[in-house]
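Chain residues, written in single-letter form:
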Amino acid sequence: MTTQRELDEAQIRRNIDGIVEGIRAKDLEGLRRLYAADVVSFDIDPPLQHVGIEAKMKNWERAFAFFHEVTYEVRDLTIAVGDDVAFGHGFGRLSGTLEDGTAAGGMWVRGTFCFRKVDGAWLIVHDQASVPLDIRSGRGVIDLKP
């Protein structure tokens, strides 16, 4: 017999798959459905935080503007599920072909997704993408691979 937590984890994994598919299709409306209206995002680009769904979608618009074709992949995803909150972490890489035809291999980032169950649906209320920092140089280390 399948438990509620197993069902919830399966739904959250489908949502993460939906992020991958939405990014590959540059589907802002599809992505919008996966986030809570009050999402707080700590992304790679400034500022320190993007607050609300409109800010998150503008962030995706800026990323999509660079790419003619875009790819996103997630590796080593681990998910912990509670009754009405859940979180996941793993590695993500955004890559593709730039508008000028240049292939961009992208870089691996550390990713965290925090979910809240709202009216029976698991929505992302917080996400974070980061790279390790070389403290001596003050620069991000972007050539690491999982």
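The structure contained in this document is the topic of the report that follows. The numbers attached to residues start from 1 for each chain and follow its sequence in the written order. Only residues with pLDDT of 70 or above have their local features reported here, since the model is predicted, and side-chain atom pairs are shown and tallied only from 80 upward, although totals for entire chains, interfaces and linings are computed over all residues. With hydrogens and water excluded, all non-hydrogen atoms of the structure serve as input to the side-chain values.

1. What about the pairing of strand S1 (residues 35–42)?
Rules: When DSSP locates at least two bridges between a pair of strands, those strands are taken to pair. Each helix corresponds to a stretch of at least 4 residues labelled H or I by DSSP, and each strand to a stretch of at least 2 residues labelled E; elements are numbered beginning at the N terminus.
By the bridge criterion, 4 bridges tie S1 to strand S6 (residues 121–130) in an arrangement that is parallel. By the bridge assignment, Ser41 is partnered in S6 with Asp127. Relative to strand S2 (residues 50–51), S1 runs antiparallel, the two sharing 2 bridges. In the sheet register, Val40 faces S2, and the bridge partner there is Val51.

2. Some thoughts on the packing of aromatic side chains
What counts, and what does not: Aromatic pairing here means that ring centres of Phe, Tyr or Trp (its six-membered ring) are within 6.5 Å. Orientation follows from the plane angle: under 30 degrees is stacked, over 60 is edge-to-face, and everything else is tilted. Exposure is judged per residue with a 1.4 Å probe applied to protein chains only, and the accessible area is read against the type maximum: over 50% gives exposed, under 20% gives buried, and values in between give partly exposed.
Applying the stated criterion to the full structure yields 2 aromatic pairs. Residues Trp60 and Phe64 carry aromatic rings whose centres are separated by 5.7 Å and whose planes lie at 25° to one another, so their mutual orientation is stacked. On the criterion of helical spacing, the pair formed by Trp60 and Phe64 is a turn pair, its members being 4 residues apart in helix H3 (residues 53–66). Taken as a pair, Trp60 and Phe64 share a single burial class, namely buried. With a centroid separation of 6.5 Å and 35° between ring planes, the pair formed by Phe113 and Phe115 is classed as tilted. Residue Phe115 is classed as buried on the basis of its relative accessible area of 2%.

3. Things to note about the sheet that holds strand S5 (residues 103–118)
The cut-off we apply is this: We call two residues in contact when some of their heavy atoms are within 4.5 Å. Note on definitions: angles span 0 to 180 degrees between N-to-C directions of axes, and those axes are lines fitted to C-alpha atoms, for helices only across the stretch in contact.
Strand order in the open sheet formed by 6 strands is S2-S1-S6-S5-S4-S3, with mixed pairing between adjacent strands. Edge strands, defined here as strands with exactly one partner in the open sheet, are S2 and strand S3 (67–81). Of the pairings in the sheet, the one linking S5 to S6 comprises 9 bridges and is antiparallel in character. If you follow Val118 over to S6, its bridge partner there is Ala121. The strands touched by helix H1 (residues 4–24) are S1, S3, strand S4 (85–98), S5 and S6; relative to S3, the strand with the most contacts, the crossing angle is about 165°. Across the sheet, H3 is in contact with S1, S2, S3, S4 and S6; its angle to S1 comes to roughly 60°.

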